[in-house]
Amino acid sequence: MDYQGTSNDFFFYVNGTKIVDQNVDPETTLLSYLRNKLGLTGAKLACGEGGCGACTVMVSHCDPGSRHIRHYAVNTCLTPICSLHGKAVITTEGIGNSTSRLHPVQERIVKFNGSQCGFCTPGFVMSMYSLLRNSPAPNQQELSEAFQGNLCRCTGYRGIIEGYQTFVKNSCCGRNDGAKAGKCCDNLSHAKTTCGSSRCCRDSTPEPASLSTEHIHPCRPFCKVKPLDPTQEPIFPPELLALANSPPVPLDFQGPRVRWLRPVTLTHLLQLKNQFPDARLVVGNTEVGVEIKFKNKLYPVILEPSYIQEMCVMHWDDSGLHIGASCRIAQVKAELQDAVPKLKRCQAAPFVALMEQLRWFAGSQIRNVAAIGGNIMTASPLSDLNPLLLASRTSLTFSSIDGSRTLQMTQDFFTSYRSTATKDNEVLISIHIPYSRELEFLMAFKQGQRREDDMAIVNAAMRARFCLETSRVTELEMAFGGMGNRTLTAARTTSLLNGKLWNSDLLEDATNSLLQEIQLPGGSPGGMETYRCSLCLSFLFKFYIHVQMELQNQGKPGDPVPMRVRSVLDEFQEEPIKSTQLYQEVPTTQASEDLVGRPVEHLSAARHATGEAVFISDEVPRHGELHLALLTSTRPHARILEVDPSKALSIPGVQAYIGAADVPGDNKIGRIVKDEEVFAKHKVTCVGQVIGAVAADSAELARRAIAEVQVTYADLEPVIITIEDAIKNESFYEVEGLTLENGNVDEGFANCEHLLEGEVRLGGQEHFYLETHAAIAIPDLENGTMEIISTTQSVNFEQQSVATVLGIPCNHVKCTVKRLGGAFGGKETRNVMLTTATAVAAKKLGCPVRCELERDVDMVVTGGRHPFLATYKVGYQGDGRITAVNISLYNNGGNTLDMSSSVMRRAVVHVDNCYHFSNVSICGRVCRTNLPSNTAFRGFGAPQSMFITETIISQVSTACVLPPKQVREINMYDEGDQTITGQVMENFPIRRCWEECLKSSDFSQRQNAVTTFNRQNRWKKRGISIIPTKYSLAFNEPFLNQGGALVHIYTDGSVLLAHGGIEMGQGLHTKMIQVAGRCLGLPVNRIRIADTCTNSVPNASPSAASFSTDLYGMALMNACNKLMKNLEPFKNANPTGKWEDWVNAAYLSCVSLSATGFYSDPELMQRMKECFGKTCHYFSCGAACSEVEIDCLTGSIKALGTHIVMDVGCSINPALDIGQVEGAFAQGFGLFLLEELQYSHLGELRSKGPGIYKIPAAGDIPRELHVSLLSKSENPKAIFSSKGVGEPPLFLAASVFFAVKAAILSAREDAGKSRQFRLDSPATVERVRLACQDNITDKILEPNPESFTPWSVRV
Ligand SMILES: Cc1cc2nc3c(=O)[nH]c(=O)nc-3n(C[C@H](O)[C@H](O)[C@H](O)COP(=O)(O)OP(=O)(O)OC[C@H]3O[C@@H](n4cnc5c(N)ncnc54)[C@H](O)[C@@H]3O)c2cc1C
Ligand code: FES
Ligand code: FES
């Protein structure tokens, strides 16, 4: 159908430049357009489902009606390019650059050390930038909400938030009030006081004098950053402003498969909907985009209703609020924020509830684009709005060419999963929410795994109305989401209660009836059946209390609400983060250009922030480059009968199928044993195993083609998924050396006063590096060589593997890494399956081949941290002293060995954590299962076993009725003690860390406060815990403890360094330049570091084990020392000369200006060999104290505060080391409290993206976070007396777990339940709620586990 004035020319503005495209393809996303067509690679692809914010940019649009210019952040991965017609886009490249001018938003994230790997950084920059364009001095809540949709896996968020908190209106230190009344930096007139002060006014922790060691407070860089000048921002393009003056024109963009139509009148829209009844209406594309991408849906016609006046307006009238269906969530939220305070109290109930619900609806990027109509019409059973709208008596107006009708929203509106009682040609025009009336109360609830940016596990809305005279119910409505395949109401319960008085009898009846009505059968999609039922009852209880309090306020008769119960309704409040970072300053005598020990920024941070930093996916495509997608198994254990790629190969642009037959060398790879196939040939042993690959002209085409490859399987038995399955089937890897005996356990048990036995488990963890695995293989046809650029932590292992698979020598394979967007152990070995497959394809096809894994594929194929199960027996005395421990450890290794045995070995030797166990017997076993191989992950087994030990300590202290702190102290190691492996504790200041942590956290006083709080509150509980940690430094495998480096000095005096380590965000390159600067006596701007490459430094050990600074720092020092020796005669001959003079003189004298460096410690090697993997170079240690508050009815956790004291020796770079401490802590927080992998009983990963798998978000980190690096800690065994820092602090997050456990204990005591209880990790909301047993949970019968197949199993 032609419509007058229809345009087919697409145009928009990007960073001020007009882009016109006559062939725009509606299937293209803005992200793909920016990156692939315009070469703007600042915005990153990290999830593709709107769940991480790495792809954020700002869109500006002039509203044709109001001529108001709206600036908003969007996720480009879900933004259809066609929706941007006539709009302007600003990317991080458009606001600043690292050479001439960083934008203040970019500068602050750099200066506050808010960037580590940098993959998330442009996304944070653009979220902040968008906020500031709307609100140059935002408030705290606006700031917090701006980042709800951005994830960072490296930093722990503190640096990012604090950097950006400096933009907040009246942001202040808190020092200008209270007892210590100093003055706020902001209020001081002269800069010197702010910068020169030894105590920044923004710090609010105790004065350093209260610590026993000599710390200084580093002044924050606040006063050294550029102010924001809103007048300097790019203007909105005048052409677009002019465009807003004329009426919008209809659009019609036809792509190869999809047509995009934008009508501008309702009549036209209805005609089109009639003509194309299957067409999707797309506003935000946050549902449709996800369906297209992850469910392979194709919608040939898309209708954009964003310009239909009737659907875009909101107005209030006598009856309530009318909202156009295309109104965005953010618009609705803003309207409510404006209007609700002006409403009469009795009218406001549904709007107050909606406003609160919208605050926790997705992240800001989604809220900015997603429409309210899209949410309703998707009819998702997890919609946050539908239960609330239903309970609020909302009505919906629909139109079609046949006319209009208004439907009351009832349960019948939702007919089944994601479908409604509407006709195909109908369009939702508007939503009407009526005011509430006198004595009508309404509340909405939402409970997710994580508070921020998470879909609900269960949500609900409840409304009750009362007659004027009594507290008798006249109307009642309860609607639930997450309790079935659609939004449900509890009709039977509500009719039962109608007419009854609002009192405890009603509550009892309601609870019993609701329990019958909302039951979930075992095996329900989403699992957590018991928890979900308990949430419904808990919400009911909360609503009951809310109404009771309201009735009480209005003078109605009824039971008074006891004070202890009132906090049941308190919501966790958003508060600014308070933090300090303490470290020892370098001596005043240290030369100013010597940067060792100084808090130098990450060298690449500015390039991260501006989008200039190049990651693999940003590499410019090479001529003739093809894209590879992997074909992976859908069966856990099966014979491959046939692979038929013919259908895929018939698609134009698909070039080849690659499988085992194409491997020119050995198809087998593996780090410890070669038990893994590049392409599975005859058999698959897990879902996600690579069978083959398809090469095509584009990544999109390759992915589409993969779906067309037919694989025929014959399923095999047994299928072993869980550790318990493996134990039952005796399915283990036979590995030596996983036992440890020390002392005499039998004697220890015989001599103890008490015995305790138990079992505990700890789930796995996905690395969730923001940059997924990627590789580019470039064949050199002349020499028969292969160049690999990839995401690996180990270029050496990769080189060996590629050479083996291609059947060529290592000297024919060059592997290079510039930087990684996070790794955390996940890229140590697991990238090799991707790299080798890509190399085989490049070899076969004779052209460059690129393979970048999408997030879901990455999560399915790569494996993660090992889940552990432990059974233990412990003997102890009445004073808590442990006399004997016997532990059996099992980890889930998956389908190949990978490094599972090394992980278990490290677990075995870390079982003691910081405790002197004289009699121990540990036995570790690695389970062979039909899961993707699990692998290294920060901590490498140590956090798991230390968690098990701390669980034992916690159980012992409960049994002894002693404070856990006391039991920890009585068992703690002292300097000079021997560990369970016989190693003597040297330079092991754990007692000092412990004491300082107790002191800085004010432990005793806070513990008293916690006790008081718990006495006063029944449904909110607090807990506090202090936990020590010890970590052994050095690789388990002796030969890996070596490092190489190469240093060149050029004739102009500039220096180029190369070493075998990988920069993955930890700041290794920055530290290496600091080291070289000191060794050569040069300022760092004379030194450059080269990409890590096997051509420069051969046989490099992986960057892992927190040992890279030790290895490569020493190797570099060795190389520099050689060069300094070469230069010495020339320095002596010309003592007043400059560096260039000596270099030049050496060159003219034919003296080498290039040196290799090497490091290994013969004594360590010898010890390692004698005591394989059971000794180390030195120990690092630390302590953390955390306080939490839990909601006993929902299991929600709020981390109130954490104090960390960490021993990193003499820090080479305190800013980077503190960043590592905070980042590791946040990752540990995820491990112990949040992150839960969901596998089906057939080993299929269900949680394969940020939508279901929740890593910590900015709102999760403790509101107070104080990190102190222990001063005066020496370590003669490492470079400049430093200590490794990457992994050791991770376990300190267990302090939050045990604080939660303490809070649960208080709840159980109140409920009269047993004090001794098991709490597995992670302590998810589900586990916390169910551990807080009470009269609600007592009512719920758990489904018989034998009677159903669970939706997910604990592996
Ligand atoms: C990362 C992420 C987080 C999310 N978090 C939440 C959350 O916390 N809570 C929550 O409830 N949801 C959440 N969602 C879901 C989603 O954002 C909402 O459902 C959103 O409101 C859909 O609006 P949209 O404009 O993007 O819909 P679109 O994807 O554009 O359209 C969705 C569907 O609605 C239909 N449709 C749209 N408008 C009309 C109309 N006027 N008449 C008839 N049919 C119409 C379309 O045909 C389409 O089928 C999240 C989604 C993502 C990706
Ligand atoms: S890549 Fe777009 S939100 Fe994650
Ligand atoms: S710095 Fe944020 S993900 Fe790496």
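Summarised in this report is the structure supplied together with it. Please read all numbers here as calculations on a predicted model, not as lab measurements. (Residues numbered from 1 in each chain as written. Chains lettered and ligands numbered in written order. Predicted model: local features only at pLDDT ≥ 70, side-chain atom pairs only at ≥ 80, totals over all residues. Heavy atoms only, no water.)

Quick look at the overall build of the protein chain
So the rule is basically this: Working definition: helices are DSSP H or I runs of at least four residues, strands are E runs of at least two. Numbering for both runs from the N terminus. Radius of gyration: over C-alpha atoms. The globule rule applied is 2.2 Å multiplied by the number of residues raised to the 0.38 power. When checking whether two residues touch, look at their non-hydrogen atoms; a contact exists if any pair is within 4.5 Å. We get accessible surface area from the Shrake-Rupley algorithm with a probe of 1.4 Å; when it comes to residues, only the shown protein chains can shield them. His residues and chain termini do not enter the charge count, which takes Lys and Arg as positive and Asp and Glu as negative. Taken as the charge centre is NZ of Lys, CZ of Arg, CG of Asp or CD of Glu, depending on the residue.
When helices and strands are counted, the protein chain shows 38 helices and 48 strands. For the protein chain, whose C-alpha radius of gyration is 31 Å, the value lies close to the compact-globule estimate of 34 Å for 1355 residues. Along the longest, intermediate and shortest principal axes, the C-alpha atoms of the protein chain span 95 × 80 × 75 Å. Contacts spanning at least 24 positions in sequence make up 77% of the contacts within the protein chain whose residues lie at least 6 apart. Approximately 46,500 Å² of the protein chain is accessible, and the part contributed by carbon and sulfur atoms is 50%. Between the averaged position of the 130 positive side-chain charges in the protein chain and that of its 141 negative side-chain charges there is a distance of 2 Å.

What to know about the nonpolar core
Heads up, the condition is: Nine residue types can take part in a nonpolar core, namely buried Ala, Val, Leu, Ile, Met, Phe, Trp, Tyr and Cys, and a core is a set of them joined through side-chain atoms within 4.5 Å. Only protein chains enter the accessibility calculation, which uses a 1.4 Å probe. A residue is then buried if its area is under 20% of the maximum for its type, exposed if over 50%, and partly exposed in between.
Counting residues in each nonpolar core, the largest one holds 201 residues, and the members touching the most others are Phe-480, Trp-502, Ile-887, Leu-889, Trp-1139 and Phe-1232. Those residues in contact with Phe-1232 that lie beyond four places of it in its chain are Leu-762, Pro-943, Phe-947, Leu-1290, Phe-1291, Ala-1293, Ala-1294, Phe-1297, Ser-1321, Pro-1322 and Ala-1323. Ranked by size, the runner-up nonpolar core spans 102 residues in total, among them Ala-609, Ile-658, Ala-842 and Leu-1237.

With respect to the packing of aromatic side chains
The following threshold applies: For this analysis, a ring pair means two rings from Phe, Tyr or Trp (six-membered ring only for Trp) whose centres lie within 6.5 Å, classed as stacked if their planes differ by under 30 degrees, edge-to-face if by over 60, and tilted for the remaining angles.
Tallying each qualifying case throughout the model produces 30 aromatic pairs. Their ring planes at 85° and their centres at 5.8 Å tell us that Phe-10 and Phe-253 sit as a pair that is edge-to-face. Here Phe-10, found in strand 1 (residues 10-14), pairs with Phe-253, found in strand 6 (residues 251-254); they are 243 residues apart in sequence, far enough to count as distant. Across this residue pair, the class does not change: Phe-10 and Phe-253 are buried. The interplanar angle of 25° and the centroid separation of 5.7 Å between the aromatic rings of Trp-502 and Tyr-544 together place this pair among those described as stacked.

A word on the site of ligand 1
Heads up, the rule is: In this text, near means that some heavy atom of the residue lies within 4 Å of the molecule or strand in question. Two N or O atoms form a polar contact when they lie within 3.5 Å of each other; inside protein one atom must be a possible hydrogen donor and the other a possible acceptor, and for residues adjacent in sequence the pair counts only when both atoms belong to side chains. Only Asp, Glu, Lys and Arg are considered charged in this grouping, and only Ala, Val, Leu, Ile, Met, Phe, Trp, Tyr, Cys and Pro are considered nonpolar; every other residue, Gly among them, is considered polar.
Taken together, 32 residues surround ligand 1, and among them Gly-284, Thr-286, Glu-287, Ala-371 and Asp-384 come closest. At a separation of 3.0 Å, an oxygen atom of ligand 1 approaches a polar side-chain atom of Asn-375. Here an oxygen atom of ligand 1 and a backbone polar atom of Asp-384 are 2.8 Å apart. Listing elements by their share of the shell around ligand 1, those giving two or more residues are strand 8 (280-281), helix 13 (372-378) and strand 16 (427-434). Class assignment for the residues of the shell around ligand 1 results in 17 nonpolar, eight polar and seven charged.

Quick notes on the pattern of salt bridges
What counts, and what does not: A pair is scored as a salt bridge if a Lys or Arg side-chain nitrogen falls within 4 Å of a carboxyl oxygen belonging to Asp or Glu.
Under the definition given, this model contains 70 salt bridges. Where Glu-508 meets Lys-1339, a salt bridge forms, and the shortest distance between an N and an O atom there is 3.0 Å. Of this pair, Glu-508 sits in helix 16 (residues 504-517) while Lys-1339 sits in the segment after helix 38 (1325-1331); the two residues are 831 residues apart in sequence, bridging distant segments of the chain. Among the salt bridges present, the one from Arg-1022 reaches Glu-1189, with a minimum N-O distance of 2.7 Å.

Some points on the sheet that holds strand 27 (residues 683-684)
Paired through their backbone hydrogen bonds, the strands of a sheet run either parallel or antiparallel. Condition: Here the rule is simple: two strands pair whenever DSSP picks up at least two bridges between them.
Read across the open sheet, the three strands follow the order 27-23-29; overall the sheet is antiparallel. At either end of the open sheet lies a strand with only one pairing partner, and these are strand 27 and strand 29 (710-715). As defined by bridge partners, strand 23 (residues 638-644) adjoins strand 29 across six bridges and the pair is classed as antiparallel. Counterpart to Arg-639 in the pairing with strand 29 is Ala-714.

What about the pairing of strand 28 (residues 690-696)?
With respect to burial, strand 28 is a largely interior element, seven of its seven residues being buried. Bridging between strand 22 (residues 626-632) and strand 28 involves six bridges; their strand directions are antiparallel. Along strand 28, the bridge assignment pairs His-627 with Ala-696. Where strand 24 (residues 654-658) meets strand 28, four bridges bridge the pair, whose relative direction is antiparallel. Looking across to strand 28, one finds that Val-654 is bridged to Ala-696.

What about unusual backbone geometry?
With omega at -10°, the peptide bond leading from Glu-717 into Pro-718 counts as cis. Secondary-structure assignment places Pro-718 in the loop between strand 29 and helix 22 (723-728). With omega at 0°, the peptide bond leading from Ser-1321 into Pro-1322 counts as cis. We note that Ala-362 has phi near 50°; this positive angle belongs to a residue other than glycine. Looking at the element boundaries, Ala-362 is found in the loop between helix 11 (349-359) and helix 12 (364-369).

Some points on the state of the cysteines
When the sulfur atoms of two cysteines share a covalent bond, that bond is a disulfide. Operational definition: A pair of cysteine sulfur atoms is labelled a disulfide when the two atoms are within 2.5 Å.
Across all of its chains, the model carries zero disulfides by this definition. Here Cys-467 stays free of any disulfide, with the sulfur of Cys-346 as its closest cysteine sulfur at 16 Å. Here Cys-686 stays free of any disulfide, with the sulfur of Cys-927 as its closest cysteine sulfur at 16 Å. A relative accessible area of 2% places Cys-686 in the buried class.

Thoughts on the pairing of strand 16
Counting buried residues in strand 16 gives eight out of eight residues, a clear majority hidden from the surface. Sheet topology places strand 11 (residues 320-324) next to strand 16; five bridges connect them, and they run antiparallel. Residue pairing across strands places Ile-323 opposite Ile-431, the latter belonging to strand 16. Pairing analysis gives five bridges linking strand 12 (residues 395-400) to strand 16, with the strands arranged antiparallel. Within the sheet, the bridge partner assigned to Ser-399 lies in strand 16 and is Val-427.

Considerations on the packing of helix 32 (residues 1068-1080) against helix 33 (residues 1108-1133)
Definition in use: Note on geometry: axes are lines fitted to C-alpha atoms, helical ones only across the stretch in contact, with angles between N-to-C directions running from 0 to 180 degrees. Small angles under 35 degrees read as roughly parallel and large ones over 145 as roughly antiparallel, with 65 to 115 read as roughly perpendicular and the rest as oblique. A crossing counts as left-handed when the near helix is turned anticlockwise from the far one by less than a right angle, and as right-handed when that turn is clockwise.
Running from amino to carboxyl end, helix 32 crosses helix 33 at an angle of 30°, the nearest separation of the two axes being 9 Å. On the basis of the axis angle, helix 32 is roughly parallel to helix 33. Classified by chirality, the crossing of helix 33 by helix 32 is right-handed. Residues Leu-1068, Lys-1071, Met-1072, Val-1075, Ala-1076, Cys-1079 and Leu-1080 of helix 32 lie in contact with helix 33, whose contacting residues are Ser-1108, Thr-1109, Tyr-1112, Gly-1113, Leu-1116, Met-1117, Cys-1120 and Met-1124.

Quick look at helix 37 (residues 1294-1310)
To keep things clear, this is the line we draw: Expected helix span is given by 1.5 Å per residue-to-residue step, counting one fewer step than there are residues.
Here helix 37 spans 25 Å end to end across 17 residues, near enough to the 24 Å set by a 1.5 Å rise per residue. Just downstream of helix 37 lies Gly-1312, where phi reads positive at about 70°.

Digging into the packing of helix 28 (residues 942-960) against helix 37
For any two helices packed against each other, one specifies the inter-axial angle together with the distance between the axes. Closest axis-to-axis distance for the helix 28/helix 37 pair is 11 Å, and the angle between their directions is 30°. With respect to helix 37, the element helix 28 is oriented roughly parallel. Judged by the twist between their axes, the crossing of helix 28 over helix 37 is right-handed. Across from Phe-947, Glu-950, Thr-951, Ser-954 and Gln-955 in helix 28, the residues of helix 37 making contact are Phe-1297, Phe-1298 and Lys-1301.

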